[in-house]
Amino acid sequence: SQLFETILRRTTGLSAHDYLSQKILAPIGINLNDVGLWFDASGNNPMTYCCIDMKAVDFARFGLLYARDGQWRGDQILPAEYVGSSLTANGWYGYQWWILNAAYFFGEPAAIEVASAQGLNGQYIFVWPEEDVVIVVLSQYSHPVEQGYVVDLTSTPLNFPDTCTARNSCPGAIGPEV
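Every chain is numbered independently, its residues counted from 1 as its sequence is written. It should be noted that, the model being predicted, local features are given only for residues of pLDDT at least 70 and side-chain atom pairs only at 80 or more, the latter also being counted only at that level, while totals for whole chains, interfaces and linings use all residues. Side-chain numbers here rest on the full set of heavy atoms in the structure, without hydrogens or water.

Draft legend 1. Up close: a nonpolar patch on the surface. Patch membership needs two things, relative accessible area over 30% and no salt bridge, and members are linked within 9 Å if like-charged or within 5 Å if nonpolar (Val, Leu, Ile, Met, Phe, Trp, Tyr). Calculation of accessible area relied on Shrake-Rupley with a 1.4 Å probe; when residues are assessed, cover is drawn exclusively from the protein chains displayed. Throughout this description, the term salt bridge denotes a Lys or Arg side-chain nitrogen within 4 Å of a carboxyl oxygen of Asp or Glu. Taken together, the side chains of Leu-3, Phe-4 and Ile-7 define a hydrophobic patch exposed on the protein surface, amounting to about 310 Å² of accessible area. For Phe-4, the location among the structural elements is in helix α1 (residues 3–12). For Phe-4, a relative accessible area of 35% puts it in the partly exposed group. Here a helix means four or more residues in a row that DSSP labels H or I, a strand means two or more in a row labelled E, and each is numbered from the N terminus. Only protein chains enter the area calculation, which uses a 1.4 Å probe; residues under 20% of their type maximum are buried, those over 50% are exposed, and those in between are partly exposed.

Draft legend 2. Molecular detail of the packing of aromatic side chains. When two rings of Phe, Tyr or Trp (its six-membered ring) have centres within 6.5 Å they constitute a pair, described as stacked for plane angles under 30 degrees, edge-to-face for angles over 60, and tilted for the intermediate range. Enumeration according to the criterion identifies nine aromatic pairs in this entry. Ring geometry for Trp-98 against Tyr-104: centres 6.2 Å apart, planes inclined by 70°, an arrangement best described as edge-to-face. On the basis of relative accessible area, Trp-98 is assigned to the partly exposed category, the value being 29%.

Draft legend 3. Spotlight on the nonpolar core. Nine residue types can take part in a nonpolar core, namely buried Ala, Val, Leu, Ile, Met, Phe, Trp, Tyr and Cys, and a core is a set of them joined through side-chain atoms within 4.5 Å. Ile-24, Leu-25, Leu-65, Tyr-66, Trp-97, Ile-125 and Val-127 are the most contacted members of the largest nonpolar core, which totals 25 residues. Elements represented by at least two residues in this core include exactly α2 (16–25), α3 (56–67) and β7 (124–128). The leading source of residues in this core is α3, at six residues. With five residues, the next largest nonpolar core counts Trp-38, Cys-51, Tyr-149 and Val-151 among its residues.

Printed below as a string of structure tokens:
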């Protein structure tokens, strides 16, 4: 997934963050001032395998874009063929989407088949296109904007997406995971 950065930059001339912002997020009405897009520790390479900070309503907009074949209010933002292929399982995985089907559940039948973007420590976007349903689940998390969005494991406090604290699943956590 991290190779998307290089591929997008070479084919479009835009960084992955600029492409996402200009071609997808802004056209579906997401305020880019409310979005945190993370960089690796060098501060130069957009992280494309994880680490987008957005409000639940904005993740829901993104999910609806996929539920509606790449269309947003009459405009085709993503090619419908790409969206369809990305939500089609090759086993239990599409293009960056987990497909919750019998293969995903180790052969157990799934009552319904939905796609899921699965983030760190219990964050999800569930998309059920047939019913035009999107469900977003986020953990308790907030990141001080003034801290920036460059991964830095040497700073105090550490600067990285910390979703495990709210779920009590960080290394060294005491008590049951939430």
